[in-house]
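Structural characterization, general
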Amino acid sequence: MKITSKTLFGELANAIEHETSTGAVLEREAKNGRVQRSARSLEVFAKEYFPAIFTAPFSDLHKEIFSSVEDIILNRRHRKNYYVRAAPR
């Protein structure tokens, strides 16, 4: 198939229109917001990206573990971090 300037510019125009449409822009903004929220909270990450797995509300123990792990990951002061937590079965 021979590519002509008309074909090339037509495809380019369609791609630009698709990527700059209101729906595409809103979708990117929603994704960016979701990524930013998930980067700050493991609880949000779990619920956002694995809703079929995390269907029940998190317990206080889960929230405490999320908080501890977030502190280790986001406020990393040392190269190595260790975390031990005893929890009931």
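Owing to the predicted nature of the structure, the values given are computational and were not obtained by experimental measurement. (Residues numbered from 1 in each chain as written. Predicted model: local features only at pLDDT ≥ 70, side-chain atom pairs only at ≥ 80, totals over all residues. Heavy atoms only, no water.)

Here we look at the confidence of the model for the protein chain
- For the protein chain, per-residue confidence averages 80 on the pLDDT scale, and residues scoring 70 or more make up 88% of the total.
- Taking the mean pLDDT of every element in the protein chain, the minimum, 72, falls on helix α1 (residues 5–19) and the maximum, 89, on helix α3 (residues 42–49). (pLDDT = per-residue confidence, 0-100. Helix = DSSP H or I, 4+ residues; strand = E, 2+ residues; numbered from the N terminus.)

With respect to the pattern of salt bridges
- Taken as a whole, this structure holds 1 salt bridge when the rule is applied.
- A salt bridge links Arg85 to Glu64, with the nearest nitrogen and oxygen atoms 2.4 Å apart. Taken as a pair, Arg85 in the segment after α4 (60–74) and Glu64 in helix α4 lie far apart in primary sequence, 21 residues in all. (Salt bridge = Lys/Arg side-chain N within 4 Å of Asp/Glu carboxyl O.)

Here's the deal with the side chain of Ser38
- Following the sequence through the fold, Ser38 ends up in helix α2 (residues 22–40).
- Residues in contact with Ser38, not counting those within four places in the same chain, are Val44, Phe45, Glu48 and Tyr49. (Contact = heavy atoms within 4.5 Å.)

Topic: a nonpolar patch on the surface
- On the surface, a nonpolar cluster with roughly 520 Å² of combined accessible area is contributed by Val35, Phe45, Tyr49, Phe50, Ile53 and Phe54.
- Position of Phe54 among the secondary structure elements: in the loop between α3 and α4. (Patch = residues over 30% accessible without salt bridge, like charges linked within 9 Å, V, L, I, M, F, W, Y side chains within 5 Å. Areas by Shrake-Rupley, 256 points an atom, 1.4 Å probe, with all protein chains shown as cover.)

Considering the packing of aromatic side chains
- Following the criterion strictly, the structure yields 4 aromatic pairs and no others.
- On the basis of an interplanar angle of 40 degrees and a centroid distance of 5.2 Å, the ring pair of Phe45 and Tyr49 is categorised as tilted. A residue pair is termed a helical-turn pair when its members lie 3 or 4 positions apart in one helix, as Phe45 and Tyr49 do in helix α3 at 4 residues.
- Ring centres 5.6 Å apart and planes at 50 degrees place the aromatic pair Phe54 and Phe58 in the tilted group. (Phe/Tyr/Trp six-rings, centres within 6.5 Å; stacked < 30°, edge-to-face > 60°.)

With respect to the environment of Tyr83
- Take Tyr83: it is sitting in the segment after α4.
- For the pair formed by Tyr83 and Ile65, sequence separation is 18 residues and the distance between their alpha carbons is 9.7 Å.
- If near-sequence neighbours (up to four positions away) are discounted, Tyr83 is found in contact with Ile65, Ser68, Val69 and Ile72.

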